[in-house]
Structures are given as structure tokens and as C-alpha cells.
Amino acid sequence: MNLISSKNMKDIIVKTLEIVNKEIIRHGQVTSYILYKMLEHEHMYTDQETIDYVMIGMLHDIGLYRDYSVKNITKFEFNNLWAHSIYGFLFLKYLSPLSNKAELVLYHHLDYSLAKNILSTPKLNHVLECLSLADKMDTYMHMDGEEMGSDYFTRYRDIKFSGKALDLFTQANHDFHIMDNLSNGTYLEEINELFSKRSFPEQYKRSFLEMLIYTIDFRSEHTVVHTMSTVNFADQIGRLMHLNAGELYNLHYGAMLHDLGKIAIPLEILESTGRLSKEEFRVMKAHVQITEIILKDIIDEDVLQIAIRHHEKLDGSGYHHGLSEKDLTLPQQIVAVADILSALYGKRSYKDSFDPELIKKILGEDAENGKINKNAVNTVLTNYDSIITTYEKEKQNMLGLYWEIKKDYETIILKFKKFDKK
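As the structure is a computational prediction, the values presented were derived from the model and not from experiment. Residue positions within a chain follow its written sequence, with the count starting from 1. Totals for whole chains, interfaces and linings use all residues, but because this is a predicted model, local features are given only for residues with pLDDT of at least 70 and pairs of side-chain atoms are given and counted only at 80 or more. Side-chain calculation: all heavy atoms of the structure are included, whereas hydrogens and water are not.

### Some thoughts on the overall build of the protein chain
Secondary structure elements follow DSSP: runs of H or I of four or more residues count as helices, runs of E of two or more count as strands, with numbering from the N terminus. Secondary structure assignment for the protein chain yields 22 helices and zero strands. A compact globule built from 422 residues should have a C-alpha radius of gyration of about 22 Å, and the protein chain, at 23 Å, falls within 12% of that. Within the protein chain, the fraction of its 422 residues that count as buried is 56%. A contact between two residues is defined here by any heavy atoms of the two lying within 4.5 Å. Put simply, 73% of the contacts in the protein chain that link residues at least 6 apart link residues at least 24 apart. With residues, only the protein chains shown are counted as cover, and all accessible areas are computed by Shrake-Rupley using a 1.4 Å probe. Total accessible area on the protein chain stands at roughly 18,500 Å², and carbon and sulfur atoms take up 50% of it. It is over C-alpha atoms that the radius of gyration is taken, and the globule rule equals 2.2 Å times the number of residues to the power 0.38. Buried, partly exposed and exposed residues are distinguished by accessible area as a fraction of the type maximum, computed with a 1.4 Å probe on protein chains only: under 20%, between the cut-offs, and over 50%, respectively.

Next comes the structure, spelled out in C-alpha cells:
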């Protein structure tokens with residue numbers, strides 16, 4: 001089953017993160033391109049290694065997406081080095097297929113004089129030197145000169161960056177016209193070509209999608225739990241209703257991507273402590289359309305339609321297309337039920353989990369009123385206790401990961417404080 005092509009895997013990451021902050025992903029793509037051409041010049045890396053390092057370059061600042069206050073990335077990066085590097089490292093370590101290369105992100109802001117040979121292999125240390133140099137190149141191009149100084153690359157050779165990496169960049173720029181391609185925009189075509197010619201294993205691509213979802217959702221514990229519970233409930237209902245393997249596969253990823261568009265919704269609305277106003281609800285509803293904009297023509301069509309139809313109702317009263325039962329497949333209807341169950345069962349700042357009998361009553365009434373699939377609801381009602389028990393076991397596993405990341409962050413940030421400027 002081909003959920004997404006290799007090129008589209010990169011595209012969905014870019015499109016999603018652009019909605020959060022275009023400047024961060026632009027910086028990531030420029031850094032990854034410079035790194036790519038430096039490594040290509042050496043002819044030392046397999047296609048898979050090159051792709052992995054280019055992805056690291058593209059996502060090296062993924063930790064910045066936790067902070068919606070970032071406006072000028074070059075100034076922010078120059079003065080706020082460690083927090084986003086640590087979070088980026090932890091996201092990639094725990095949530096991506098690049099865990100064995102994640103330390104590149106952790107140390108990419110550390111001065112060369114301190115980071116020299118800090119990683120486990122000469123190859124990784126060399127790539128770290130190249131990544132750090134590529135990052136500084138783009139930062140330098142967008143600074144006004146005051147912070148770094150016009151003689152930065154002369155004055156700080158082998159202090160803040162590797163002199164060998166700078167020499168490699170100079171050679172690669174001569175052969176590949178890196179700066180010209182950055183200036184005219186053709187560097188993006190080269191990145192696309194790199195991803196187009198490589199076919200990744202499905203698990204590799206799925207791991208990146210999961211990383212993307214959970215990276216966005218790490219804005220708050222609630223959104224982590226909601227995505228996780230919707231996927232879990234949908235999976236269980238689908239199995240109990242005897243969907244075939246293909247339907248279960250699409251169901252799982254449709255549920256996983258169903259709230260992707262919430263990245264564009266203000267946090268104060270997502271985390272509102274009370275009932276949303278009419279205007280706030282209008283903004284919240286837009287997440288479905290945003291999900292469609294991101295995924296359209298990129299993800300498998302069946303998965304796309306499952307993701308964007310979770311608020312449709314059988315009687316046509318839902319959104320965002322106002323579809324009715326005849327338009328909705330069973331997997332689409334199952335995710336709608338799973339999403340409601342997740343909302344009712346989940347805890348929020350303003351409410352505890354609803355009582356089981358109230359959850360069953362609300363679901364039953366919606367089914368009787370022709371809003372949601374009656375067979376799916378009956379499946380939930382009949383198997384409610386086992387569904388919740390299974391979910392709670394999975395929830396503990398995922399929250400364990402969530403808290404592990406937070407615990408690791410607190411430990412690592414203390415170690416990095418010693419590198420702060422005096």
C-alpha cells in the first residue's frame with residue numbers, strides 16, 4: 001500500500017510547516033540545500049544517507065515550531081540557541097526514522113571549538129561541521145551585519161565553524177553554483193529532484209508523517225491525547241466492524257491526519273477554557289478546509305477523504321462540504337464516531353472525562369437522530385469497556401513518551417546552560 005510518494009512526503013512536511021511559519025521552513029530548505037551540495041561534492045554518501053542528511057538539514061530547526069512568537073528567525077536563532085535545538089533533537093530521536101542522526105540537530109549551534117569530535121563517528125562529526133556551516137551561511141546572508149560582522153568567516157575560522165567545512169563549501173559553490181541557485185530559486189527544483197528519484201520504504205515515510213503530527217500536537221498535552229485517542233478508537237471500531245486490511249490502513253492514516261489543519265488555529269481557541277463564541281467556532285471549523293489544502297494531490301485520495309470528512313453528518317448538517325450519508329464511506333463515518341468519542345472521553349482544562357453513561361447517551365442520540373453511523377455507535381456501545389481499556393493501555397505508552405521528552409529536555413538544557421554567552 002502506497003500512502004504517499006517519496007517526493008510528496010517532503011512536500012507535505014513543507015506545506016504543513018509553511019502554514020505555521022514560512023520563514024523557518026525557508027531557512028530549513030536553504031540550509032538543507034547547502035548541506036546537500038557540500039556532501040554531493042565529496043561523493044562519499046549513499047543515496048539514503050544523502051536523503052537522511054538533507055531531511056536533517058530541512059528539519060534542524062523543527063523545535064522552533066513550538067514558539068509561535070518567532071518572527072525574525074535569524075535574530076531569534078542568534079540569541080536563542082539551545083531550547084529549539086534540544087526540542088528538535090528530541091522530536092527526531094523519539095518520533096522519526098532518523099533517531100541515530102538526531103544528535104546533529106542537538107549540536108548544530110555549538111561552536112566548532114567545543115563540538116569538534118563530539119559525535120560517535122568521524123562521518124557524523126564531519127556532517128555536523130557541514131550542517132553548522134550551512135546554517136551559519138544562511139543566517140549570515142539574512143543578518144544586517146551588526147551581530148556577525150563582515151569579517152565573520154575570517155575571524156572565527158576553526159573557532160565557531162570548521163575551516164575545512166568552509167573550504168568544502170567554497171569548492172562546492174564553484175562547481176555547483178550554490179549561491180546563484182539560491183538567488184534564482186532553482187535550488188528548490190534540485191531538492192525536489194533528489195526526493196523524486198529515491199523510493200523510500202513505507203515505514204520510513206509513515207514515520208515522518210507520525211513525527212509531523214506529533215510535533216505539531218506537542219503544543220499541548222490535549223492535542224497529543226486527542227489525535228492519539230481518535231486513531232486508537234477508529235482502529236478498534238474498524239477491526240470490530242471487520243473492515244478489510246486496505247480499509248483499516250486508510251482508516252488509521254485518515255484518523256491520524258484528520259486534525260492536521262489545526263496547526264493554523266490560534267492556540268487560545270484550541271485551548272479555550274469555555275464554549276467558543278460564534279466567531280471562534282467559525283475559525284475552528286476552518287481546520288478541515290486547511291487540512292484539505294495541505295493534503296490535496298499529495299496524500300492517497302482515500303486517506304484524504306477520510307481525514308477531511310470527520311465533521312460531516314449523515315443528514316447533511318455537518319461541514320465543510322455539507323455531505324450526506326450517500327456520499328460518505330464506512331471508514332469516513334467511523335472516524336466521525338471516533339472523533340466524537342475522543343472529544344467526549346477526553347479531559348480538557350474546563351472539563352473532566354464525561355461519565356460513561358453520558359457518553360453512551362450522547363452517541364446513541366446522535367445515531368438515532370441520523371447524525372452518525374448507527375452500526376458504528378452500536379459497536380462502541382456493545383464493546384465500550386474493552387475499547388476504553390485498550391485505549392488506556394496505549395495512552396499510557398504514548399504519554400510515557402511525551403513525559404520522557406519533557407524530562408529529557410529539562411536534563412539536557414541544564415547541561416547546555418554552560419555554553420551560554422557570558
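### A closer look at helix α21 (residues 374-382)
Along α21, the residues classified as buried are A376, V377, T379 and V380. Seen along its axis, α21 keeps its buried residues to an arc of 155 degrees; they face one direction. Exposed and facing more than 90 degrees away from the buried side of α21 are N375 and T382. Its side-chain oxygen placed 2.9 Å from the backbone nitrogen of N375, N373 serves as the N-cap of α21. Working definition: the arc comes from the directions between the helix axis and the C-beta atoms, pointing outward to the latter. Identification of polar contacts relies on pairs of N or O atoms within 3.5 Å, with a donor-acceptor requirement for protein atoms, meaning one able to donate a hydrogen and the other able to accept it, and with residues adjacent in sequence counted only if both atoms are side-chain atoms.

### Some thoughts on the packing of helix α1 (residues 6-20) against helix α17 (residues 278-295)
Only C-alpha atoms enter the line fits that serve as axes; for helices the fit covers just the stretch in contact. Angles between N-to-C directions range over 0 to 180 degrees. Interaxial distance between α1 and α17 falls to 9 Å at its minimum, and their mutual angle equals 140 degrees. Contacts between α1 and α17 pair I12, K15, T16 and I19 from the former with I290, I293, I294 and L295 from the latter. Gly is put with the polar residues, along with every residue not named as nonpolar or charged; the nonpolar set is Ala, Val, Leu, Ile, Met, Phe, Trp, Tyr, Cys and Pro, and the charged set is Asp, Glu, Lys and Arg. For the contact of α1 with α17, the class distribution of residues is six nonpolar, one polar and one charged.

### Overview of the pattern of salt bridges
Criterion for a salt bridge: a side-chain nitrogen of Lys or Arg within 4 Å of a carboxyl oxygen of Asp or Glu. According to the stated counting rule, one finds 21 salt bridges in the structure shown. Note that D52 and K101 form a salt bridge whose closest N and O atoms lie 3.2 Å from each other. Within this pair, whereas D52 is found in helix α3 (residues 47-58), its partner K101 is found in the loop between α5 (82-95) and α6 (103-106), the two being separated by 49 residues in sequence. As far as burial versus exposure is concerned, D52 and K101 are alike and both buried. What emerges from the salt-bridge pattern is a single network uniting K7, K10 and D11.

### A short note on helix α2 (residues 22-42)
Look at α2: 31 Å from first C-alpha to last across 21 residues, which is about the 30 Å you get at 1.5 Å a residue. Of all 21 residues in α2, 16 are buried, a share of seventy percent or more. With a side-chain oxygen positioned 3.0 Å from the backbone nitrogen of E23, the residue opening α2 is N21. Here the expected length of a helix is defined as 1.5 Å per residue gap, with one fewer gap than residues.

### A look at the environment of E357
Structurally, E357 is set in helix α20 (residues 356-368). Among the residues examined, E357 registers a relative accessible area of 52% and is labelled exposed. Along the chain, E357 and V225 lie 132 residues apart, while their C-alpha atoms are 21 Å from each other.

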